[in-house]
Protein chains: 4
Amino acid sequence: MSTQFQGVIPPVITPRHADGSVDTDSLKNVTKHLIDGGVAGLFVLGSSGEVPYLTNAERELVVTTIAEANAGAVPLIVGANEQTTNRVIEEARKVVDLGADAIVVTSMYYAIGNVAETETHFRSIHAAIDKPIFAYDVPVRTHFKLPTDLLVRLGRDGVIAGVKDSSGDDVSFRQLLLQAKDIPNFDIFTGHEVVVDGALLGGAQGVVPGLGNVDPAGYRRLFDAAQAGDWALAAREQDRLADVFEIVYTPNGRVSGGAAGLGAFKTALQVMGIIESNTMSQPMLTLNDAETAAIRAILERNGLV
Amino acid sequence: MSTQFQGVIPPVITPRHADGSVDTDSLKNVTKHLIDGGVAGLFVLGSSGEVPYLTNAERELVVTTIAEANAGAVPLIVGANEQTTNRVIEEARKVVDLGADAIVVTSMYYAIGNVAETETHFRSIHAAIDKPIFAYDVPVRTHFKLPTDLLVRLGRDGVIAGVKDSSGDDVSFRQLLLQAKDIPNFDIFTGHEVVVDGALLGGAQGVVPGLGNVDPAGYRRLFDAAQAGDWALAAREQDRLADVFEIVYTPNGRVSGGAAGLGAFKTALQVMGIIESNTMSQPMLTLNDAETAAIRAILERNGLV
Amino acid sequence: MSTQFQGVIPPVITPRHADGSVDTDSLKNVTKHLIDGGVAGLFVLGSSGEVPYLTNAERELVVTTIAEANAGAVPLIVGANEQTTNRVIEEARKVVDLGADAIVVTSMYYAIGNVAETETHFRSIHAAIDKPIFAYDVPVRTHFKLPTDLLVRLGRDGVIAGVKDSSGDDVSFRQLLLQAKDIPNFDIFTGHEVVVDGALLGGAQGVVPGLGNVDPAGYRRLFDAAQAGDWALAAREQDRLADVFEIVYTPNGRVSGGAAGLGAFKTALQVMGIIESNTMSQPMLTLNDAETAAIRAILERNGLV
Amino acid sequence: MSTQFQGVIPPVITPRHADGSVDTDSLKNVTKHLIDGGVAGLFVLGSSGEVPYLTNAERELVVTTIAEANAGAVPLIVGANEQTTNRVIEEARKVVDLGADAIVVTSMYYAIGNVAETETHFRSIHAAIDKPIFAYDVPVRTHFKLPTDLLVRLGRDGVIAGVKDSSGDDVSFRQLLLQAKDIPNFDIFTGHEVVVDGALLGGAQGVVPGLGNVDPAGYRRLFDAAQAGDWALAAREQDRLADVFEIVYTPNGRVSGGAAGLGAFKTALQVMGIIESNTMSQPMLTLNDAETAAIRAILERNGLV
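Computed from a predicted structure; not experimentally measured. (Residues numbered from 1 in each chain as written. Chains lettered and ligands numbered in written order. Predicted model: local features only at pLDDT ≥ 70, side-chain atom pairs only at ≥ 80, totals over all residues. Heavy atoms only, no water.)

Chemist: Can you walk me through the interface of chain A and chain C in this structure?
Modeler: By a widespread convention, an interface's size corresponds to the accessible area lost as its parts come together. Taken together, the contact between chain A and chain C spans 41 residues of the former and 41 residues of the latter. Taken over both partners, the interface formed by chain A and chain C buries close to 3,400 Å², and the fraction arising from carbon and sulfur atoms is 52%. Summed over the three residues of chain A that lose the most area to chain C, namely A:Arg87, A:Tyr110 and A:Ile112, the buried surface amounts to 24% of that side. At the boundary of chain A and chain C, one finds 2 salt bridges. With a closest N to O distance of 3.4 Å, C:Glu82 and A:Arg87 form a salt bridge. Broken down by secondary-structure element, the contributors of at least two residues to the side of chain A that touches chain C are helix 2 (56-70), helix 3 (85-97), helix 4 (115-128), helix 5 (139-142) and helix 11 (257-271) of chain A. Considered class by class, the residues forming the side of chain A that touches chain C number 16 nonpolar, 19 polar and 6 charged. (Contact = heavy atoms within 4.5 Å. Buried area = accessible area lost by both parts, 1.4 Å probe. Salt bridge = Lys/Arg side-chain N within 4 Å of Asp/Glu carboxyl O. Helix = DSSP H or I, 4+ residues; strand = E, 2+ residues; numbered from the N terminus. Nonpolar A, V, L, I, M, F, W, Y, C, P; charged D, E, K, R; others polar.)

Chemist: Just to check I follow, could you spell out the nonpolar core for this structure?
Modeler: As a rule of thumb, nonpolar side chains are buried together in soluble globular proteins. The biggest cluster of nonpolar side chains holds 189 residues, and the ones touching the most others in it are C:Ile160, C:Ile247, D:Ile160 and D:Ile247. Aside from chain neighbours lying at most four places away, what touches D:Ile247 is D:Leu211, D:Val214, D:Ala264, D:Phe265, D:Ala268, D:Ile295 and D:Ile298. Counting residues in hydrophobic clusters, the runner-up holds 188 residues, among them A:Ala225, B:Tyr219, B:Ala234 and B:Ala260. (Core = buried A, V, L, I, M, F, W, Y, C linked by side-chain atoms within 4.5 Å. Buried < 20%, exposed > 50% of the residue type's maximum accessible area, 1.4 Å probe, protein only.)

Chemist: Any chance you could explain the pattern of salt bridges here in plain terms?
Modeler: Any two side chains of opposite charge can pair, on the condition that their charged atoms come close. The final tally for this structure, using the stated rule, is 88 salt bridges over all chains. Measuring nitrogen to oxygen at the nearest pair gives 2.5 Å for the salt bridge that ties A:Glu50 to A:Lys266. Taken together, the positions of A:Glu50 in the loop between strand 2 (42-44) and helix 2 and A:Lys266 in helix 11 put the pair 216 residues apart, joining distant regions of the chain. The residues A:Glu50 and A:Lys266 share a single accessibility class, namely buried. Each of A:Glu82, A:Arg87, C:Glu82 and C:Arg87 takes part in salt bridges that share partners, so that together they form one network.

Chemist: Just to check I follow, could you spell out the arrangement of the chains for this structure?
Modeler: Across all C-alpha pairs, the smallest distance from chain B to chain C is 15 Å, and the two are not in contact. When C-alpha atoms are compared, chain A and chain D, though not in contact, are closest at a spacing of 15 Å.

Chemist: So what exactly am I meant to see when it comes to the packing of helix 11 (residues 257-271) of chain C against helix 12 (residues 289-301) of chain C here?
Modeler: Residue and element names in this part refer to chain C. With their axes 10 Å apart at the nearest point, helix 11 and helix 12 run at an angle of 70° to one another. Of the possible angle classes, the one that applies to helix 11 and helix 12 is roughly perpendicular. Residues Ala264, Thr267, Ala268 and Val271 of helix 11 form the contact with helix 12, whose participating residues are Thr292, Ile295, Arg296 and Leu299. Among the residues forming the contact of helix 11 with helix 12, the class breakdown is 5 nonpolar, 2 polar and 1 charged. (Axes fitted to C-alpha atoms, helices over the stretch in contact; angles between N-to-C directions. Parallel < 35°, antiparallel > 145°, perpendicular 65-115°, else oblique.)

Chemist: What am I meant to see in the relation of the copies chain D and chain C here?
Modeler: What relates the pair of chain copies is a rotation about an axis plus a shift along that axis. Between chain D and chain C, which share one sequence, the superposing operator has a rotation angle of 180° and an axial displacement of 0.0 Å; the RMSD is 0.0 Å. Expressed as an axis order, the relation between the two copies is that of a two-fold axis. Relative to the rotation axis, the closest C-alpha in chain D is found at D:Gly198, a distance of 2.1 Å. In this assembly the copies share their binding face: 100% of the residues contributing to the interface of chain D also contribute to that of chain C. (Least-squares fit on C-alpha atoms with pLDDT ≥ 70 in both.)

Chemist: Sorry if this is basic, but what is going on with the packing of aromatic side chains here?
Modeler: The geometry of an aromatic ring pair comes down to the distance between the two centres and the angle between the two planes. All chains considered together, the criterion is met by 22 aromatic pairs over all chains. For the pair B:Phe245 and B:Tyr249, a centre-to-centre distance of 6.1 Å together with 85° between the ring planes defines the contact as edge-to-face. What makes B:Phe245 buried here is its relative accessible area of 9%. Overall, B:Tyr249 belongs to the partly exposed group, its relative accessible area being 39%. By the ring-pair criterion, three or more aromatic residues cluster together here, those being A:Tyr109, A:Tyr110, C:Tyr109 and C:Tyr110. (Phe/Tyr/Trp six-rings, centres within 6.5 Å; stacked < 30°, edge-to-face > 60°.)

Chemist: Which parts of the structure should I look at to understand the interface of chain D and chain C?
Modeler: If you look at the interface, chain D gives 23 residues, while chain C gives 23 residues. Both faces considered, chain D and chain C share a buried interface measuring about 2,100 Å² in area, 55% of it formed by carbon and sulfur atoms. Looking at the side of chain D facing chain C, the largest losses of area belong to D:Asp170, D:Arg174 and D:Leu201, adding up to 28% of the total buried there. Our count for the contact surface shared by chain D and chain C stands at 6 salt bridges. Across the salt bridge formed by D:Asp239 and C:Lys181, the nearest N and O atoms sit 3.5 Å from each other. There are 7 residue pairs in polar contact (both at pLDDT 80 or more) connecting chain D and chain C. Mapped by element, the contributors of at least two residues to the side of chain D that touches chain C are helix 7 (170-179), helix 8 (196-201) and helix 10 (231-244) of chain D. Here the side of chain D that touches chain C gets 6 residues from one element, more than from any other, and that element is helix 7 of chain D. Within the side of chain D that touches chain C, the residues separate by chemical class into 10 nonpolar, 6 polar and 7 charged. (Polar contact = N/O pair within 3.5 Å; in protein donor to acceptor, adjacent residues only side chain to side chain.)

Chemist: Help me out: how do you make sense of the sheet that holds strand 2 (residues 42-44) of chain C in this one?
Modeler: Backbone hydrogen bonds are what pair the strands of a sheet, in a parallel or an antiparallel way. Residue and element names in this part refer to chain C. Read across the open sheet, the 8 strands follow the order 1-8-7-6-5-4-3-2; overall the sheet is parallel. Only two strands of the sheet have a single partner each, and these edge strands are strand 1 (7-8) and strand 2. Sheet analysis places strand 5 (residues 133-137) next to strand 6 (residues 162-165), joined by 4 bridges and oriented parallel. Counted as the bridge partner of Asp137 is Asp165 from strand 6. Lying over the sheet, helix 2 (residues 56-70) contacts strand 2 and strand 3 (76-79), oriented at roughly 160° with respect to strand 2. Lying on the sheet, helix 3 (residues 85-97) is in contact with strand 3 and strand 4 (102-106); it crosses strand 4 at an angle near 155°. (Pairing = 2+ DSSP bridges.)

Have a look at this one:
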């Protein structure tokens, strides 16, 4: 049961000029590319937006730029990325002032918490912030898996408005879908690019794919096929997108895992002429010419250039 | 492309009398229950069969008993569960002599290997054993994830005939399905009970659900719906089975994770009158009366008793 | 070979009033207690100082307060706790302006890096900040172990002035001591309270024990015994301190691991009359009366109250 | 308080001929080399003995050969390496029949247990086997850390006679030493080659170093210095042995972690003329000529060839 947020909500990447500064023109182009592709919302300051690497001034610039380019077209769901409760609240206040329609919050990190502290964490943020909160379950970064029963409890109590799942745990994802089925206005998103058809078949309301920066229209077709109950078509579209996703493996260990995925998305957008440079945030390496050529080949065989 | 093994292939549980000895009469009943439920094969000496806990004599008794009860009705895929190459080969020879149609092999465990050693491991076993080999990817036990490209390479070279995936990594599972699509006679099974519809939508050939001991006919209906392209029906059947799967959470921390799942399957079969006792292998605790009552309630609301 | 920093350098705790605000009077008392105890420096804004939980304003207040109470008595080594390179640099500039004599930096966290990025990370910070940098190896928080050869290389190149080791890996700690032996002005500290005698026997220059807040004089005696070559005395003092360290186990699972240790140090200081309240940062639970009584008993049997 | 086992008790390596068969002549030479080096016991069928890779017939041959070469000179502590309780008991009976004076047992592996099951595991083995049992704490292989309070409880109840610690957790090791101090005939060994001086300073009774195969006399000198209270001499000897330990890093990623350490010990013994070949168990790679040359250089600079 969802009335608020559903559909394709990509985590917007953050383009940089070759000198490393944030490229606001390219960022506006990406925003337009996504809206033209039929997305239902924009996830701003997510991992794909390199939020961990942005300074506070850059974070503000990114939200402001996207908000201006979006001009109210779709809702903005903005990450309030900080390590503990009070720091998240301060960050959330900033992004709400800049135009966030909802915020995205992880469990604490670097700090070593437990389930009870995590519950207090979300409840305290909800008490302080007057916008819908999405819990972001990303244990590969936080090293803490949000328990299904905690998410359901927070959903029933109106503390969170939904979940963005990047846990890689499809079993608990399905159980969350089942147990949260009757919570009104509760939206569950998968963050995994290549299993969206299965997630939607299981009842997910939306998808937040980093690869959606590259092919938003493809994800929209996949979502529409699922909505129409044409699951064979949805699976075919998913298989095509899974092939596009092969771009993230082109660096093959030359760069860090973090830099490989985001770098591939940026490089693809550069090849497609949507952004100026594929420059990464420090200290991540930028993909090179050989990797760019390999990515171009994958885009070509999938009709994206 | 598969011609060999597909459909529902449950990992058969190992019933014990209250005194701890293997209960061969109950084991025959379970075998009959599964074949009557429409399974396409039996996975013998798997984790759900408590293979880590069985002595060598018990392993032999279990294979012999199931082979006798099966009487050639469906293929027997048998685990050769040992920690390193030469020990696996000795174990595999034993189970092949007892009637295995195919064997199931994990990467090494306790031993600390790497990808190259794992490739040698599978190639050496293939060279020694004249039966199809399924690679069993179960990092929660082996603490080693089988890389997708290794599995594809071993498949193309005819070293392995397929994969049983219990990795909990649905992203790499989908990529394996895509990359192995054109390998003839290569069968990929999911071991996860609650995401079978998505796995089949992505192209999996079969499913090896521990819960299939309890409700083989339900998994058969799910598989048939998927084969017929009726994905909405498949998802409904999956959601029902996910509710049945709630039996594994009834102990709620009183017993170990290993004992909870297997204990729930045994207890359900006892409640259903198919096995005599829900006694577990040493040193696992057996589920108690309160847990049995909770399991009975779940079975009742799903029409299984 | 060290001329810069050695001896006992405790990570100063951050006292709070019962209402949760930072208690600067108590913080000055703690600072005085430590200097009176014979410490060689103060580690400010460390994990024991609850730095992950402090807002930016609170971080500034803490550094300012300690700097004022210290009045140049001992060097201040201050944590620049942020998740990526540019954010660390901004944080480091702030604490240097507030009086830091050296800064402490971890590898990136939440961000997913690798060894090459980590090397760039430290080199970039060194290029931007004109103070000695200590690498803080704390994989339980960062989930990244700083490799020994990277630390040695950064030390030889003058990028880092030393290491604070909280890795829990005594094998690599010993190898670091050996390999860095001939680097001038390179100081290696252990952060583990109960193995200081062995660390000093292996050649460590200093110790940064959270428990040093409670018993700085005890750690000073241990350090002096080691300097004098009286290892039997050092081991006896260490065993006594290991018994005092039992205070951290009094909550026995009631609070998170993070809250247990820090809460025990605060509670001990409250029992000793040095700070007003044992209140913890949100969302951590504060130790209760039963735990306080248990801690008092441990302090009593060790002659600390 | 220990009267039973103390001193240097190396885990004996298993030499193989170039064709892969166990080389009993070389194994006898190693045994003699160790006894001549002044060891207090022999740990047979340990990880350094490649026990995970030995077939059952090879395990029997190894124990028999060492027992014969030892001829009662020192006690034999033998690993009963199996994955669950009843399988350990069967294995333990075999090695006791072959001459074990004590057995070494890990927690379960591959099986997924918990603390309560682990306690039952050790108690059941003790009830079945009439020899002292050493608990072997090796979470890098079992992925389960034996809790300190469990070890102390099992020690007080006479279930285990001691602990072989290869946990890499020096903090819990020190706490175990303190808490077990008053248990009669309870012996605690460290398995870490480069922190033996600190372990002995903290009160350990013995050491089980894989590197002890190469330089038993060095470890004996270290132990004797510690017994004599000459800790500066102990630390110097330890630093020298830590330099010898550098042999394990010569393969630098070419072989698996498991193969690097054991391969280096075997290669050193081959260079020293004590064993015929450095051949490893399948599927581990054997160290090559370049690595052998590097190992020879390390041995030479430490006076071992």
